[in-house]
Amino acid sequence: MSQLLIPRDPTDPAYDLIPNSLAKSIPRLYSSEKVSDPLVHAKFFTPDSSWTWFVTEFDPEERLCFGLVIGHEAELGYFSLSEIEEVRGPMGLPIERDLHFAPKPLSQCRGA
């Protein structure tokens, strides 16, 4: 039995994971690696699962993010924006950007 894949609505801002206006404010990769508690600029989540991604750095050319990923475990690492746009949760729902998320220190996101 194949899973129903819900399409991403291009008019819904929650599916524009890193719009140009946001991309300009996110530090480039490696620019905050010496910062003990870097600022998180965006939060992505699966509405039909418990996975969450917190973006602290971004490379717009490679569409590569760095930040905290909370899934089976919580860990810092790199993740591809292109891959996240293609992933679907267990019910076929696309990953969304939390439109109500306000930037905050990474330490405040670890328990989220």
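Please read these numbers as outputs of a predicted model, since none were measured by experiment.

A. Representation of the pairing of strand S5 (residues 74-80) within the structure. In the sheet, strand S4 (residues 64-70) pairs with S5 via seven bridges, with the strands oriented antiparallel. Bridging across to S5, Phe-66 finds its partner in Tyr-78. Counting the residues in the hairpin turn of S4 and S5 gives three residues.

B. Representation of the layout of surface pockets in the model. By volume, the largest pocket amounts to about 170 Å³. In this structure, the largest pocket is lined by 14 residues; those nearest its centre are Ser-32, Val-35, Pro-38, Phe-66 and Leu-76. Breaking the lining of the largest pocket down by element, the ones donating at least two residues are strand S3 (52-59) and S5.

C. Inspection of the packing of aromatic side chains at higher detail. All told, the structure shown has four aromatic pairs when counted by the stated rule. Here the aromatic rings of Tyr-30 and Tyr-78 are separated by 6.2 Å at their centres, their planes lie at 55 degrees, and the arrangement is tilted. Linking Tyr-30 in the loop between helix H1 (20-23) and strand S1 (39-40) with Tyr-78 in strand S5, this pair joins segments that are 48 residues apart in sequence. The exposure class of Tyr-30 is partly exposed, given its relative accessible area of 49%. Residue class for Tyr-78 comes out partly exposed when judged on its relative accessible area of 44%. On the basis of an interplanar angle of 50 degrees and a centroid distance of 6.1 Å, the ring pair of Phe-54 and Phe-101 is categorised as tilted. Of this pair, Phe-54 sits in strand S3 while Phe-101 sits in the loop between strand S6 (96-97) and strand S7 (104-105), and the two are 47 residues apart along the sequence. Across the pair, exposure class does not vary: Phe-54 and Phe-101 are buried alike. Every member of this aromatic cluster is reached through a ring pair, and the members are Tyr-30, Phe-66 and Tyr-78.

D. Summary view of the pattern of salt bridges. Applying the stated criterion to the full structure yields two salt bridges. Note that Asp-98 is salt-bridged to Lys-43, the shortest N-O span being 3.6 Å. Residue Asp-98 is found in the loop between S6 and S7, and its partner Lys-43 is found in strand S2 (residues 42-45); the two are separated by 55 residues along the sequence. Accessibility assignment for this pair places Asp-98 and Lys-43 in one class, buried. Where Arg-63 meets Glu-85, a salt bridge forms, and the shortest distance between an N and an O atom there is 2.8 Å. With a gap of 22 residues between them, Arg-63 in the loop between S3 and S4 and Glu-85 in helix H2 (residues 81-86) connect regions that are remote in the sequence. Judged by its relative accessible area of 28%, Arg-63 falls in the partly exposed class.

E. How the structure looks around the sheet that holds S6. With antiparallel pairing, the five strands of this open sheet are ordered in space as S5-S4-S3-S2-S6. The strands lining the two open edges of the sheet, one partner per strand, are S5 and S6. Here seven bridges tie S3 to S4, and the two strands are oriented antiparallel to one another. Its bridge partner being in S4, Thr-52 is matched across the sheet by Ile-70.

Definitions and cut-offs
Residues numbered from 1 in each chain as written. Predicted model: local features only at pLDDT ≥ 70, side-chain atom pairs only at ≥ 80, totals over all residues. Heavy atoms only, no water. Pairing = 2+ DSSP bridges. Helix = DSSP H or I, 4+ residues; strand = E, 2+ residues; numbered from the N terminus. 1 Å grid on protein atoms, 1.4 Å probe; cavity = no way out; pocket = protein on both sides within 12 Å on 5 of 7 lines; lining within 4 Å. Points joined across faces, edges and corners; volume = space filled by probe spheres on them. Phe/Tyr/Trp six-rings, centres within 6.5 Å; stacked < 30°, edge-to-face > 60°. Buried < 20%, exposed > 50% of the residue type's maximum accessible area, 1.4 Å probe, protein only. Salt bridge = Lys/Arg side-chain N within 4 Å of Asp/Glu carboxyl O.

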